[in-house]
Amino acid sequence: MGDRDLDRARNAAVDAFLETARQVAAPSPGSGGAPRLIFALDATMSRQPTWDLACGVQAGMFEATARLGGLSVQLVYFRGFDECRASRFVADARALTGLMRGVTCQGGRTQIGRVLRHARNEASRGPVKALILVGDAIEEDIDDLCGVAGELGLLGLPAFCFHEGPDPDVAAGFSEIARLSGGVSARFDLAAPDVLAALLRAAALYATRGLDGLRLAAHEDAAARRLLAGMTGG
């Protein structure tokens, strides 16, 4: 199959994904405007290849929701020595791409706890439908992280934790954070960028259409099935 055929097949899959999602009414965002999603990434030095990948595929989040009422995304990242920053909420892929291209990865330890506490605080001020966390390491006390993840769960803010690499300890930690918050963890590989793109698209669909949207999309989309199964135990 040539590149043009692959592009046509990919576009057809996205169209089918969106068509099923349109059949579900959007839940109320609660405070007006588009549903809000926090997109958090590890920007320590080891993450540059994945940062570049995420920059290239994040538009899929907006693609999955633009015809469904839209999505407002906030970029959060940590890097270097004690640096953890959050952007404004943006409502288009170009704005988020511009923000991401202005960030370079720097050496440092993970600051997942700060990301989770930031998400908790944002959700306390107004509805946030989902947190996406992308990384490859956990260098903090997992019990502390799980405590905050449980608070996210009480606030109805699921964390979708997408990790790169085969480390079983990282996988277990991300899985527990996701479970306690009511979300899902999943592994992706830099060699298969479409996997991360599909996971981001499915998480964005959940943010705009909830579980009913995932249920419909799951008939055609493997990533939607994966998130749905993780959230419902199916």
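Residues numbered from 1 in each chain as written. Predicted model: local features only at pLDDT ≥ 70, side-chain atom pairs only at ≥ 80, totals over all residues. Heavy atoms only, no water.

Draft legend 1. Quick look at the overall build of the chain. Looking only at helices and strands, the chain features nine helices and six strands. With 234 residues in all, the chain has 50% of them scored as buried. When the accessible area of the chain is evaluated, it comes to approximately 10300 Å², of which 50% is carbon and sulfur surface. (Helix = DSSP H or I, 4+ residues; strand = E, 2+ residues; numbered from the N terminus. Buried < 20%, exposed > 50% of the residue type's maximum accessible area, 1.4 Å probe, protein only. Areas by Shrake-Rupley, 256 points an atom, 1.4 Å probe, with all protein chains shown as cover.)

Draft legend 2. Inspection of helix α4 (residues 93–101) at higher detail. Looking only at α4, the buried set comprises Ala93, Leu96, Thr97 and Met100. Taken down its axis, α4 places every buried residue within 100° of arc, on the same side. The distance from a side-chain oxygen at the start of α4 to the backbone nitrogen of arginine 94 is 3.1 Å, and the residue carrying that oxygen is aspartate 92. (Arc of directions from axis to C-beta. Polar contact = N/O pair within 3.5 Å; in protein donor to acceptor, adjacent residues only side chain to side chain.)

Draft legend 3. Structural context of the environment of valine 57. With respect to the element layout, valine 57 can be found in helix α2 (residues 48–57). C-alpha of valine 57 to C-alpha of leucine 200: the two residues are 143 residues apart in sequence and 8.3 Å apart in space. The contacts of valine 57, once residues within four sequence positions are left out, are Pro193, Leu196, Ala197 and Leu200. (Contact = heavy atoms within 4.5 Å.)

Draft legend 4. Examining the packing of α2 against α4 more closely. One way to put it is that α2 packs onto α4 with a least axis distance of 9 Å and a crossing angle of 165°. Taken together, α2 and α4 sit at an angle that is classed as roughly antiparallel. Relative to α4, α2 is oriented so that their crossing is left-handed. Along its contact with α2, which presents Trp51, Ala54 and Cys55, the element α4 presents Thr97, Met100 and Arg101. Grouping the amino acids of the contact of α2 with α4 by side-chain chemistry returns four nonpolar, one polar and one charged. (Axes fitted to C-alpha atoms, helices over the stretch in contact; angles between N-to-C directions. Parallel < 35°, antiparallel > 145°, perpendicular 65-115°, else oblique. Left-handed = near helix turned anticlockwise from the far one by under 90°. Nonpolar A, V, L, I, M, F, W, Y, C, P; charged D, E, K, R; others polar.)

Draft legend 5. Molecular detail of the pattern of salt bridges. This model, assessed by the stated rule, comprises ten salt bridges. Arginine 36 is the salt-bridge partner of glutamate 122, the closest N and O atoms lying 3.6 Å from each other. Separated by 86 residues along the polypeptide, glutamate 122 in helix α5 (residues 112–125) and arginine 36 in strand β1 (residues 36–42) bring together distant segments of the chain. Between aspartate 82 and arginine 114 there is a salt bridge; the shortest N-O distance is 2.9 Å. (Salt bridge = Lys/Arg side-chain N within 4 Å of Asp/Glu carboxyl O.)

Draft legend 6. Broad picture of the pairing of strand β6 (residues 184–188). Side chains Val184, Ala186 and Phe188 of β6 all project onto a buried face; the interleaved residues Ser185 and Arg187 project onto a face where none is buried. As paired elements, strand β5 (residues 159–164) and β6 share five bridges and run parallel to each other. Bridged to glutamate 164 within β6 is phenylalanine 188. With respect to chirality, the unit in which β5 leads through helix α7 (residues 168–181) into the neighbouring parallel β6 is right-handed. (Pairing = 2+ DSSP bridges. Right-handed = clockwise from strand over helix to strand, strands pointing away.)

Draft legend 7. Spotlight on the side chain of aspartate 221. Here aspartate 221 is to be found in the loop between α8 (193–217) and α9 (222–232). On the basis of relative accessible area, aspartate 221 is assigned to the buried category, the value being 8%.

Draft legend 8. Looking closely at the pairing of strand β2 (residues 72–79). For β2, the tally of buried residues reaches eight of eight residues, placing the bulk of the element in the interior. Burial of the side chains of β2 extends over both faces: Ser72, Gln74, Val76 and Phe78 are buried on one face and Val73, Leu75, Tyr77 and Arg79 on the other. Alignment of β1 against β2, held across seven bridges, turns out to be parallel. In the sheet register, arginine 36 faces β2, and the bridge partner there is serine 72. Strand direction decides the pairing type here: β2 and strand β3 (residues 83–90), joined by six bridges, are antiparallel. Across the sheet, the residue bridging to valine 73 is valine 90, located in β3.

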